Every structure is written in structure tokens, then in C-alpha cells.
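Residues per chain, in single letters:
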Number of protein chains: 2
Amino acid sequence: MAHKPRTEMIAETRAKLVTAARKAFGTVGYAEASMDDFTAEAGLTRGALYHHFGDKKGLLQAVIAEIDGEMSARMSAVTRQAPSRWQGFVDECVTYVEMALDPEIQRIILRDGPAVLGDPSQWSSQTACIRNMTATLEKLIEERTVRTIDPRATAHILNGTMLYASLLIANAEDQRKASQEAVRAMTALLDGLLAKPEAA
Amino acid sequence: MAHKPRTEMIAETRAKLVTAARKAFGTVGYAEASMDDFTAEAGLTRGALYHHFGDKKGLLQAVIAEIDGEMSARMSAVTRQAPSRWQGFVDECVTYVEMALDPEIQRIILRDGPAVLGDPSQWSSQTACIRNMTATLEKLIEERTVRTIDPRATAHILNGTMLYASLLIANAEDQRKASQEAVRAMTALLDGLLAKPEAA
DNA sequence: TAAGATCACATACGCCCCGTATGTAGATGA
DNA sequence: TCATCTACATACGGGGCGTATGTGATCTTA
């Protein structure tokens, strides 16, 4: 029974740390998560953490990158199977809101992330989601479906729109009702982007 | 030279603490702000802080309440002197974006606040700004200027829209250009709320 | 395949920061 | 004027973090 190669072992411990941290950050939050505690839970010590990620912030970045990769994958899947380009864009937005309902995502991506790492739009990761949306917008503007506005700026701003829609829903007593209201308001706003606005 | 009455002295020390904390939170951030440091800067100790505010979070709440009061005042001033109700609403939004450009506000209200205290829409204070906007929206819907959407949900969502517009501008290399792009995108979105959409 | 170098972690130490428990001086009220 | 209360300061203990150091296993090279 030979040992696994070294690189594989390393990847494994990195994954163990990221998983344990993600769980801790997602539940008790970044500030309250004791490095001693969640490294121990992964069968390791802080030594491993510092070796691989530099510090607590570095580990948070890794966790965020992992989450963001998952979100990005889901979004592009939605875009691919949309009937029209505009509908695909709207679906993308709705999917984003749905994903942001996850308490773990809210805690790590929306609350602690910005506080610790600063403006999300600067993160290499978060940009992935936004880049998707920017690209879609560019095409929509090119084909004259959408007004001539700056696609990057619009994507960033819509990012905020959707995140706060998620917050609204997540904290509502009646989530179903809140979700309907939020989607309705959001689609109304999105209609404003259209070159030929639809009737209300 | 008689001493000042006691209640006045108390209000003064509270104000001193809030001011010192606001400065510290706004520059180095909540987590990095040492209570020993900024209380000393106010000529006090942590004892005073715990006595008046319970803990660090309590002080942050007080700081946020102060800032939010100022923001609320500015917003209602803008609303009062608007030519039309819809224009007043748009101005309100633009003002909000402008205020959120302040690094202190970004740091305290947008980054650290949510991380420490949770969803901003739950803060008694933040509600002030949102309530303003909700009220304006209600009237606009009543007079059929705006589509029939839920005003509270819309206000919350727009809150996010504007905050991220501010982030975008604040972090841009060319702030003037970014601000133009952001305002353009925002007004486009807002047009979507109108019952009779304006031509692009 | 054996010796040396390297790497992936664990251990150990000190510092700072926080929360609480306790002390105290001055204002208040009879 | 004395008892009480209040607004703070001081003192103490604990925990978390960052770093410096140690160690055993793996990889390299001849």
C-alpha cells in the first residue's frame, strides 16, 4: 500500500483547510472563527494554515474563490440554455438572487468578504460573475436590444441590485411573498435597460 | 465658574467617544480599531466605553446612528426642493450615491456595519433612509407615475443598486467618467419603474 | 541506494486585545 | 453632612493571533 504522491497530499490538506474554514466562516462568521478550532477540526494546526495561505485573510480568499467558482459555473449554465439572449440575461440575474439566498454565501461573500478584503468588484474571483454579465450586456447592446450604456458599470450596479434583493428575501418573514415582490421590482428595473421598453 | 451640570458632562463624554470611534472606524476599520487607543485619544479609557455603550458593537451602533441621521437629513432636504415628485425621487437616489462616495461612509456603513451588525435593512437607523424612499415611491405609485410594485421591496433593492454604484465610482481610476457611466446606468434602470417609459 | 537538501507541517513563545470584576471620587438628595 | 448612587478608571485573566523554531518525511543526485 504505497503512499500517495506528495502533490496530492498537499492538495488534500489545502482542501481540508478550505472546507473547514468555509464551514466556520459560513456559520459563526470570519471574526468569530478561531483558527485553532477549525484547523483542529480538519485534523491540522495553525502551522499548516500559515504555511499554505499566509494568514487568515489568505484563507478567506481561497474560500471565496471556491464559492465564486461554483456560482460562476451555475450562472453560465443558465445562460447557455436560455431561449433568447435577453431572457438569458434576466434568468442570469434571477439565478444570482437565488444563489445569494444561501446563508453561507450571504455571510461569506456579502458580509465578511467586503469587510475583510474590501470592495468585492476588485476581487479576482467576484469579477468572474460580473464578467459573464458584462459580456452578455455587450452583446445585447450590440444587437440594439439594450440601450447604449456602459456594460461594465451596469453589471457592477446590477450586482448590488441583486445582492440586496437577496438580503431582502432572506430576512423576510414571508420568503415566498418577498421573493415575488423582489423579482417583480427587479424585472421592472431591468426593463429600463431595454431600448424599446415593454408595456407595464 | 461653576461646573457644568452632570447630564451635560455625560452627553459630552458620549459624544467624545462616538467621535473618536467614528474616526478610528472610518480610517483603520472596525476590526483594527483598538478600543484602548481611540478611547485614550478621547482622553478616556475603555471603562467609559463599556459603561455607556455596553461593548464595541454598541459603540458602532451609536456611530452608525449618527451618520445615518446626517444622511437622512440631507436626503429629505433634497426631496423637499425638487420640481416634480419623480425628479425628487431621482435626485434622492443621486444624492445617496454621492454621499456613499465618502470613504468613511463606505467603510463604516457599507463594509464593517453589515459584517458586525448583520443585514443593514434591520438597523433601526438605516431604515430611516429607506423609509424616506419607500414613502416617495408610495406616492408615485398612487399618482400612477410608477408601476404597481411593492414600494418597500423596491426601496431596499434600489438601496443596493445605489450603494454599488458608489463603490464602482469610488474605486475607479477616472472617477468623473465612472460617475457619468454609473448615473446613466442608474437612470436607465429607474426608467424601468415608470408606468409610461420615456424614450431612450 | 544512501546522504543531503527541501518541504510540509507541528510546537512554543510572546504580545495585544478584549471582557469583567473591582475600586473610587465626585455629584446628588435628605 | 452623610449616605447613596453614578460615572468613570484600574486591575486581572484569558484567548487568539503572528512568528520563530523544530522535526520527520519526501525528493534529489550521484
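Presented here is a report on the structure given in the accompanying data block. Treat the numbers as computed from the prediction; the structure is a model and nothing was measured.

**Some remarks on the protein's contact with DNA strand C**
Every one of the 19 residues lining DNA strand C counts as a neighbour, but Thr13(A), Thr45(A), His52(A), Arg46(B) and Tyr50(B) are closest to it. Protein-proximal atoms of DNA strand C, defined as those within 4 Å of the protein, fall in sugar or phosphate at a share of 67%. In the environment of DNA strand C, a phosphate oxygen lies 2.8 Å from a nitrogen or oxygen atom belonging to the side chain of His51(A). Taking Ala33(B), its main chain carries an N or O atom lying 3.4 Å from a phosphate oxygen of DNA strand C. Looking at the surface near DNA strand C, the elements that each hand over two or more residues are α1 (6-27) and α3 (46-53) of chain A together with α3 (46-53) of chain B. When residues in the surface near DNA strand C are grouped by element, the largest group, five residues, is from α3(A).

**What to know about the pattern of salt bridges**
Summed over the entire model, instances satisfying the criterion amount to 20 salt bridges over all chains. Where Glu66(A) meets Arg22(A), a salt bridge forms, and the shortest distance between an N and an O atom there is 2.7 Å. Here Arg22(A) lies in helix α1 and Glu66(A) lies in helix α4 (residues 56-80), a separation of 44 residues in the sequence. Note that Lys23(B) is salt-bridged to Glu41(B), the shortest N-O span being 2.9 Å.

**Considering the nonpolar core**
The biggest cluster of nonpolar side chains holds 126 residues, and the ones touching the most others in it are Phe38(A), Phe89(A), Leu193(A), Phe38(B), Phe89(B) and Leu193(B). Among residues more than four places away in sequence, those in contact with Phe89(A) are Met133(A), Thr136(A), Leu137(A), Leu140(A), Leu158(A), Leu190(A) and Leu193(A).

**Describing the interface of chain A and chain B**
Listed per partner, the contact involves 42 residues of chain A and 42 residues of chain B. Counting the surface lost from both chain A and chain B, the interface buries some 3,600 Å², and carbon and sulfur atoms represent 64% of this. Looking at the side of chain A facing chain B, the largest losses of area belong to Ile157(A), Tyr164(A) and Leu189(A), adding up to 19% of the total buried there. Counting across the chain A and chain B interface gives 13 residue pairs in polar contact (both at pLDDT 80 or more). If you list the elements that add at least two residues to the side of chain A that touches chain B, you get α6 (103-117), α8 (151-170) and α9 (175-191) of chain A. When residues of the side of chain A that touches chain B are assigned to their parent elements, the largest contribution, 14 residues, is made by α8(A). Considering only residue class, the side of chain A that touches chain B consists of 21 nonpolar, ten polar and eleven charged.

**Thoughts on the packing of aromatic side chains**
All names here are of chain A. In the structure shown here, the tally under the stated rule is seven aromatic pairs over all chains. Look at Phe25 and Phe38: their rings are 5.7 Å apart centre to centre, the planes differ by 80°, and that puts the pair in the edge-to-face class. A residue pair is termed long-range when its members are at least 10 positions apart, and Phe25 in helix α1 and Phe38 in helix α2 (residues 35-41) qualify at 13 residues. Each member of the pair, Phe25 as well as Phe38, carries the same accessibility label: buried. When the ring of Trp86 is compared with that of Phe89, the centres are 5.6 Å apart and the planes differ by 35°; the resulting orientation is tilted. With Trp86 and Phe89 both in helix α5 (residues 85-99), this residue pair falls three residues apart, about one helical turn. By relative accessible area, which is 0% here, Phe89 ends up buried. One aromatic cluster in this structure is built from Phe25, Tyr30 and Phe38. The ring of Tyr30 has Lys56 sitting right over it, with the charged end atom 4.6 Å from the ring centre.

Reading the values: rules and limits
- Residues numbered from 1 in each chain as written.
- Chains lettered and ligands numbered in written order.
- Predicted model: local features only at pLDDT ≥ 70, side-chain atom pairs only at ≥ 80, totals over all residues.
- Heavy atoms only, no water.
- Near = heavy atom within 4 Å.
- Polar contact = N/O pair within 3.5 Å; in protein donor to acceptor, adjacent residues only side chain to side chain.
- Helix = DSSP H or I, 4+ residues; strand = E, 2+ residues; numbered from the N terminus.
- Salt bridge = Lys/Arg side-chain N within 4 Å of Asp/Glu carboxyl O.
- Core = buried A, V, L, I, M, F, W, Y, C linked by side-chain atoms within 4.5 Å.
- Buried < 20%, exposed > 50% of the residue type's maximum accessible area, 1.4 Å probe, protein only.
- Contact = heavy atoms within 4.5 Å.
- Buried area = accessible area lost by both parts, 1.4 Å probe.
- Nonpolar A, V, L, I, M, F, W, Y, C, P; charged D, E, K, R; others polar.
- Phe/Tyr/Trp six-rings, centres within 6.5 Å; stacked < 30°, edge-to-face > 60°.
- Lys NZ or Arg CZ within 6 Å of the ring centre and 35° of its normal.

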